Amino acid sequence: MYLIRLKESLSCQSISTYAWGCLRQISTSLKTQDDGSGTNYIDLPGGKVPLTGNLTFIGGPLQGPRIATYRTVDMTGRPVDGAHVPNNLDREISIKIYKTMATLQTMDTLFYEAQRQGRFSFYLTSQGEEATTVGSAAALHPEDIVFAQYREQGVLLWRGYTLAQFSNQLFGNNKDPGKGRQMPIHYGSKELNYHTISSPLATQLPHAVGAAYALKLSGSNAVTVAYFGEGAASEGDAHAAFNFAATLEVPCVFICRNNGYAISTPASEQYRGDGIVARGPMYGISAIRVDGGDVRAMYNAVREARQMAVASCRPVLVEAMSYRSGHHSTSDDSSRYRTTDEMRSWRARDPVARFRYWVQLQDWWSDKEEQAMRVTTRQQVLEAMEEAAKVPKASVSEMFTDVYSGPHLPWNLEEQYANTLKALEESPELKPSDMPIVSQ
Amino acid sequence: MLLQRHGSSAKCMSSRHSRQSLMSSRRGSLSVTRSQKKQIMMWEALREAIDEEMEKDPTVCVMGEDVGHYGGSYKVTFGLYKKYGDMRVLDTPICENGFMGMGIGAAMTGLRPIVEGMNMGFLLLAFNQISNNCGMLHYTSGGQYKTPVVIRGPGGVGRQLGAEHSQRLESYFQSIPGVQLVACSTVANSKALLKSAIRSENPIIFFEHVLLYNIKGDAGGPDVYQSLESAELVREGTDVSIFTYSRMRYVVMQAAQELEKKGYNPEVIDLISLKPFDMDTISKSVRKTRRVIIVEECMKTGGIGASLSAVINESLFNDLDHEVVRLSSQDVPTAYAYELEAATIVQPSQVVEAVERVVGSKLAYV
């Protein structure tokens, strides 16, 4: 590096003359900069870069083979020869995973139907992605902090969120930890290390990086895990989070649920590169593509990713390929933008069925147990909903608390609360009958 | 000289090794001293505030662009990385929404981040994280997650930096539920307020002014804190209540000197807390003088004055003898040219003229 010192008043010509002189002096030494392999290189603040005489562009629209997808069973659930399975799931965990996935399926179906019946305003299912969420959750530790998008109720279910808690949140009653403030499916549980869902996409990714930074500062062995869809990966926050996590070297595992659709936008219209996994190397992040419908593959990939993140304190990216079997949400009818043939073919590759096949192949599960479990689970979900519907809604007095931390309201909120109470006194019909004014 | 970075290949428990820096060797070492009985500049006072709080509490950290080795665009974090390391005074890549989100995630995980916008105006890029997440998450999580962040940076007009570097964001941020807005103005209150902001459980947006960093004054010691919700009485008076904040405090006081000569006796109150307003102090003053002028640097439309004027109108209507007058910046992008920039913001002569108009003519002192 040569510092060029400029005199007070230097004309353009004298600058160029001076620079010319310098360049002629150093041109000989530049020629000899060689890293030993016979290639020249330039030493830059961003690192050493080799030189070439070829005018060649890299990249461009996708051509040639795409990055391969790691899987251990085929689409029916039969194990595939030669697959690398460092952690073969044992009986206990396999049954637990399977039951969680089946509960998730039942819960999703019944909650969806309840919304259709007008019992609450909104729901979205994770049909087709049960293996992605439950399989990955099983590979995490309870102290790992999860930042989810909105389709990861399987993770919460695995961690122990009860059917009652799910129902309470959906009904927005006073037992909901969120105190009825968030719309349905926006769960949050500090106890289970699952951050409250926020609707705008990908905003949770920088949060996950910040939380990972906090873990690093504290010397913890936990990681943060950020779930997001392939559509959300287009958001600016996603790109920022990848770059920050890699540059600042924090233990964050990014799990992308590439389920083929972002509402009606197919993945082919979401990006031009090779999906999300190909972005990893661009940011300096280790990345892998996995069959999101294969529980063992998800479990092993995420377990491996987690170990890498902890051991070398850096982010890792997992792209789980799957298919969103259900509609985007209760506000969507996906038959408007995809064929029933496509949907039917993917139902035939249902991840719950695939895993059930594998578990039954090990002789750990039977049709009889399946039937019994389905009946019981359905009963449990319906009971949880009935109970939740009876619980009073969060009270009016909770409307103004928690805007700020601490017991005191600022004067403007006190005033607005007083006005609200006055309005309710004058027109009691404004308030639903199952909504108390003050918390009991 | 190459900037060398040693990544931590060991487990996360080891901190990042410090970088060699050409810049730090040129500046020499800066010893971190407690506030002594000499006058210091505002940037030093802010720096002391951060240093003292970081020393007391290991969860306090700083993040932003060029806050570490460079020491911040106005030196507010100068040299702190040497004492606290590269991790606690964290230089981030360039993405305001990225590091704002990062600060929020860290806050929800138990840290107390101070997030610096290199210029306040750039924080418009972080608006989504500030409003949807920082402001809202405590509420939407049912109180499970707190976001004790301090969002600070230089803003305001006066260095001929052009439109994008002369933003006043208080008007944009004031509607966000869940955040508090604080504007410092003196060396003393800048330090005491920043310390309180760092200790607060709520997210605080802390407004500093580019032209005030080099003003000199006395700062309090390590145990001096100041209420984030209280206004400051700058000059007691009887004729008119002038509510102002940040650099406009000095513009108003300059006008006050002129007004004193003409026989006027204005009361000047520095709002300090832009959200929520200190209605106790404000209403006490209005009831006394019965006349209000608001002098602000933000734009007229939707500014702090617009909100305050509405509140005063609603709650103190019968205590007023004159409509509330607002002196604000023009609703134009701030031009680079000196005269145009000066014409965009409120000048002392306008304050004098407004007081004369509102109070009426004073009898000559003869």
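Residues numbered from 1 in each chain as written. Chains lettered and ligands numbered in written order. Predicted model: local features only at pLDDT ≥ 70, side-chain atom pairs only at ≥ 80, totals over all residues. Heavy atoms only, no water.

**Q** If you had to explain the overall build of chain B to someone new, which residues and values would you point to?
**A** Secondary structure summary: chain B contains 13 helices and 14 strands in total. By residue count, 59% of the 366 residues in chain B fall in the buried class. Within chain B, residue pairs in contact and separated by at least 24 positions form 82% of the contacts whose partners lie at least 6 positions apart. (Helix = DSSP H or I, 4+ residues; strand = E, 2+ residues; numbered from the N terminus. Buried < 20%, exposed > 50% of the residue type's maximum accessible area, 1.4 Å probe, protein only. Contact = heavy atoms within 4.5 Å.)

**Q** So, the packing of aromatic side chains: which residues are in play, and what are the values?
**A** Two numbers describe a pair of aromatic rings. These are the distance of the centres and the angle of the planes. Residue and element names in this part refer to chain A. All told, the structure shown has 19 aromatic pairs over all chains when counted by the stated rule. Where Phe228 meets Phe242, the ring centres are 5.9 Å apart and the plane angle is 55 degrees; that geometry is what we call tilted. In this pair, Phe228 is assigned in strand β4 (residues 224–229) and Phe242 in helix α7 (residues 236–248), connecting sequence segments 14 residues apart. Overall, Phe228 belongs to the buried group, its relative accessible area being 0%. A relative accessible area of 1% means that Phe242 is categorised as buried. Across from the ring centre of Tyr261, 5.2 Å away, lies the NZ or CZ of Arg338, which sits over that ring. Taking the ring centre of Trp346 as reference, the NZ or CZ of Arg349 above it sits at 3.9 Å. (Phe/Tyr/Trp six-rings, centres within 6.5 Å; stacked < 30°, edge-to-face > 60°. Lys NZ or Arg CZ within 6 Å of the ring centre and 35° of its normal.)

**Q** With reference to specific residues and values, describe the domain arrangement of chain A.
**A** Buried accessible area, meaning the area lost when the parts come together, often serves as the stated size of an interface. What the domain assignment lists for chain A is domain 1 (91–390) and domain 2 (396–430). A straight line from the C-alpha centre of domain 1 of chain A to that of domain 2 of chain A covers 36 Å. (Domains from an automatic or database assignment.)

**Q** Please set out the sheet that holds strand β7 (residues 204–209) of chain B residue by residue, giving values where relevant.
**A** Residue and element names in this part refer to chain B. Strand order across the open sheet formed by seven strands is β3-β2-β4-β5-β7-β6-β12, with mixed pairing between neighbours. Either end of the sheet is taken by a strand with one partner, and the two such strands are β3 (89–91) and β12 (273–275). Within the sheet, the average angular offset between the axes of one strand and its neighbour, ignoring direction, is 20 degrees. By the bridge criterion, three bridges tie strand β4 (residues 112–116) to strand β5 (residues 150–155) in an arrangement that is parallel. (Pairing = 2+ DSSP bridges. Axes fitted to C-alpha atoms, helices over the stretch in contact; angles between N-to-C directions.)

**Q** Kindly report on the UniProt feature "domain: Dehydrogenase E1 component" (unreviewed entry) in chain A, identifying the contributing residues and their values.
**A** As recorded in UniProt, the sites labelled "domain: Dehydrogenase E1 component" (unreviewed entry) are residues 98–395 of chain A. The span residues 98–395 of chain A is 46% helix and 11% strand, and its two end C-alpha atoms sit 38 Å from each other. (UniProt positions renumbered as here; feature names shortened; annotations may be inferred.)

**Q** How would you sum up the sheet that holds strand β9 (residues 232–235) of chain B? Please name residues and give values.
**A** Where strands meet in a sheet, backbone hydrogen bonds hold them as pairs that are either parallel or antiparallel. All names here are of chain B. On the basis of which strands lie adjacent, the open sheet formed by five strands has the order β9-β11-β10-β13-β14 and mixed pairing. Each of the sheet's edge strands pairs with one partner strand only, and the pair in question is β9 and β14 (325–329). Within the sheet, the average angular offset between the axes of one strand and its neighbour, ignoring direction, is 25 degrees. Bridging between strand β10 (residues 240–244) and strand β11 (residues 266–270) involves five bridges; their strand directions are parallel. Across the sheet, residue Phe243 finds its bridge partner in β11, namely Ile269. On top of the sheet, helix α9 (residues 248–261) reaches β9, β10, β11 and β13 (292–299); it is set at about 35 degrees to β9, its chief contact.

**Q** Run through the side chain of Asp319 of chain B, naming residues and quoting values.
**A** Tracing the backbone shows Asp319 of chain B in the loop between α11 (304–316) and β14. In contact with Asp319 of chain B, other than residues within four places in its own chain, are Val286, Arg287 and Arg290 of chain B.

**Q** Describe in detail the pattern of salt bridges, supporting the description with residues and values.
**A** Inspection of every chain in the model, using the stated rule, returns 43 salt bridges over all chains. A salt bridge links Arg66 of chain A to Asp274 of chain A, with the nearest nitrogen and oxygen atoms 2.7 Å apart. A residue pair is termed long-range when its members are at least 10 positions apart, and Arg66 of chain A in the loop between β2 (47–50) and α2 (91–116) and Asp274 of chain A in the loop between β7 (265–266) and α8 (279–283) qualify at 208 residues. Arg66 of chain A gets classed as partly exposed once you look at its relative accessible area, which sits at 44%. Its relative accessible area of 7% is what places Asp274 of chain A among the buried residues. In this structure, Asp270 of chain B and Arg249 of chain B form a salt bridge, with 2.7 Å as the shortest nitrogen-oxygen distance. One end of the pair, Asp270 of chain B, is in strand β11; the other, Arg249 of chain B, is in helix α9, with 21 residues separating them in the sequence. (Salt bridge = Lys/Arg side-chain N within 4 Å of Asp/Glu carboxyl O.)

**Q** I'd like a rundown of the interface of chain A and chain B, residues and numbers included.
**A** With 52 residues of chain A at the contact, the number on the chain B side is 56 residues. Each partner contributes to the roughly 4,500 Å² buried at the junction of chain A and chain B, and carbon and sulfur atoms together form 62% of this total. The largest contributions to the chain A side of the interface with chain B come from Tyr213, Phe244 and Tyr404 of chain A, which together make up 15% of the buried area. One can count zero salt bridges joining chain A with chain B. Put simply, the parts of the chain that give the side of chain A that touches chain B at least two residues each are β1 (41–44), β3 (145–147), α6 (204–218), α7, α9 (295–312) and α13 (411–426) of chain A. Residue contributions to the side of chain A that touches chain B peak at nine residues, all from α6 of chain A. Along the lines of polarity and charge, the residues of the side of chain A that touches chain B split into 25 nonpolar, 18 polar and nine charged. (Buried area = accessible area lost by both parts, 1.4 Å probe. Nonpolar A, V, L, I, M, F, W, Y, C, P; charged D, E, K, R; others polar.)

**Q** So what's going on with the UniProt feature "domain: Transketolase-like pyrimidine-binding" (unreviewed entry) in chain B? Which residues, and what values?
**A** The feature "domain: Transketolase-like pyrimidine-binding" (unreviewed entry), as given by UniProt, occupies residues 40–215 of chain B in the numbering adopted here. With 38% helix and 18% strand, the stretch residues 40–215 of chain B has end C-alpha atoms that lie 8 Å from each other.

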